Amino acid sequence: MEIFKKKKVAIYIGRFAPPHKGHGETIQYCLDNYDETVVFIGSKNKRRTLKNPFSVETIKNWIYTDFNFNNIIVQTINDYLYSDNKWIAQIEDFIYSLYNRDKYEFTIVGHIKDDSSYYLKIFPTWKVDLTPEFDNGISATDIRNIIFMEDERHFEVLFEHN
């Protein structure tokens, strides 16, 4: 009897506003530990604000070019403020349109940063891989504060991707 081993798919979800070295290290972790990697960029349906200052297409382009990741899939998703079920459904629908559930196992990969990280544990049939805090806890929130407060402390270090 032949034993069938399912391929492993890493699913990494974030706003990446902006993407930074910690995000890059998490994507590299996914590439090193999983057969396939899918990155979801959230807040596609949200207007641009100080919290979401960049378009999802700009962020998608940064992820592909700045980090030089060509072997990942990047998809944008909507936010649904009062419906986790709709939010989960769009992610699962996309994943299941690409991968056969019988041949792949799915894992949400990420770091518990704060209360907003609850989504890591709301996919009932998928595994969870909680990563350490990469790049000394760098935060996109801190980067946005530096950019929009015109404070140039650590500017080059924060955006150095390679």
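Scroll up for the structure.
Thresholds applied
Sequence positions are assigned chain by chain, starting from 1 and proceeding in written order. Two thresholds apply to this predicted model, a pLDDT of at least 70 for residue-level local features and 80 or more for giving and counting side-chain atom pairs, whereas whole-chain, interface and lining totals are computed over all residues. Side-chain metrics in this entry use all non-hydrogen atoms of the structure; hydrogen atoms and water are not considered. Two distance rules govern patches: like charges are joined within 9 Å, and nonpolar side chains (Val, Leu, Ile, Met, Phe, Trp, Tyr) within 5 Å, applied only to residues with over 30% relative accessible area and no salt bridge. All accessible-area figures derive from a Shrake-Rupley calculation using a 1.4 Å probe, and residue coverage is judged against the displayed protein chains alone. Basic side-chain nitrogens of Lys or Arg form a salt bridge, by our definition, when they fall within 4 Å of a carboxyl oxygen of Asp or Glu. By definition, any uninterrupted DSSP run of H or I lasting at least four residues is a helix, any uninterrupted run of E lasting at least two residues is a strand, and each is numbered from the N terminus. Three labels apply to residues, based on accessible area from a 1.4 Å probe with only protein chains included: buried if under 20% of the type maximum, exposed if over 50%, partly exposed otherwise in between. Only Phe, Tyr and Trp rings take part, Trp by its six-membered ring, and two of them pair if their centres are within 6.5 Å. Stacked means planes under 30 degrees apart, edge-to-face means over 60, and tilted covers everything else. Two limits define a charge over a ring: the Lys NZ or Arg CZ must be within 6 Å of the ring centre, and within 35 degrees of the ring normal. In this description, a nonpolar core means a group of buried Ala, Val, Leu, Ile, Met, Phe, Trp, Tyr and Cys residues linked to one another through side-chain atoms lying within 4.5 Å. What makes two residues a contact is simply this: any of their non-hydrogen atoms within 4.5 Å.

Enquirer: Which parts of the structure should I look at to understand a nonpolar patch on the surface?
Expert: Taken together, Ile 112, Val 128 and Leu 130 make up a surface patch of nonpolar side chains, about 230 Å² in accessible area. Within the secondary structure layout, Leu 130 lies in strand S5 (residues 127-130). On the basis of relative accessibility, which here comes to 41%, the residue Leu 130 falls in the partly exposed class.

Enquirer: Whenever I open this one, the pattern of salt bridges confuses me. Can you help?
Expert: This model, assessed by the stated rule, comprises 1 salt bridge. We note a salt bridge from Glu 105 to Lys 127, for which the minimum N-O separation is 3.4 Å. Taken together, the residues Glu 105 in strand S4 (residues 104-110) and Lys 127 in strand S5 connect sequence positions 22 residues apart. Residue classification places Glu 105 among the partly exposed positions, given a relative accessible area of 22%.

Enquirer: Explain the packing of aromatic side chains here, please?
Expert: Aromatic ring pairs are defined here through the distance separating the ring centres and the angle between the ring planes. Under the definition given, this model contains 11 aromatic pairs. In this structure, Lys 8 is placed above the aromatic ring of Tyr 34, and the distance from its NZ or CZ to the ring centre is 5.2 Å. In this structure, Arg 101 packs its charged tip against the face of Tyr 96, placed 3.7 Å from the ring centre.

Enquirer: Help me understand the nonpolar core, please; the structure alone is not making it clear to me.
Expert: Across soluble globular proteins, nonpolar side chains have a tendency to be buried as a group. Within the largest apolar cluster, 19 residues are counted, with the highest numbers of intra-cluster contacts made by Ile 11, Ile 13, Phe 40, Ile 91 and Ile 95. In terms of residue count, helix H3 (residues 84-98) provides more of this core than any other element does, 5 residues in total. Each residue touching Phe 40, except ones within four places of it in the same chain, is listed here: Ile 11, Tyr 12, Ile 13, Gly 14, Phe 16, Gln 75, Ile 77, Ile 91, Phe 94 and Ile 95. Judged by nonpolar contacts, the second largest core, of 18 residues, contains Tyr 34, Ile 59, Phe 67 and Phe 69.

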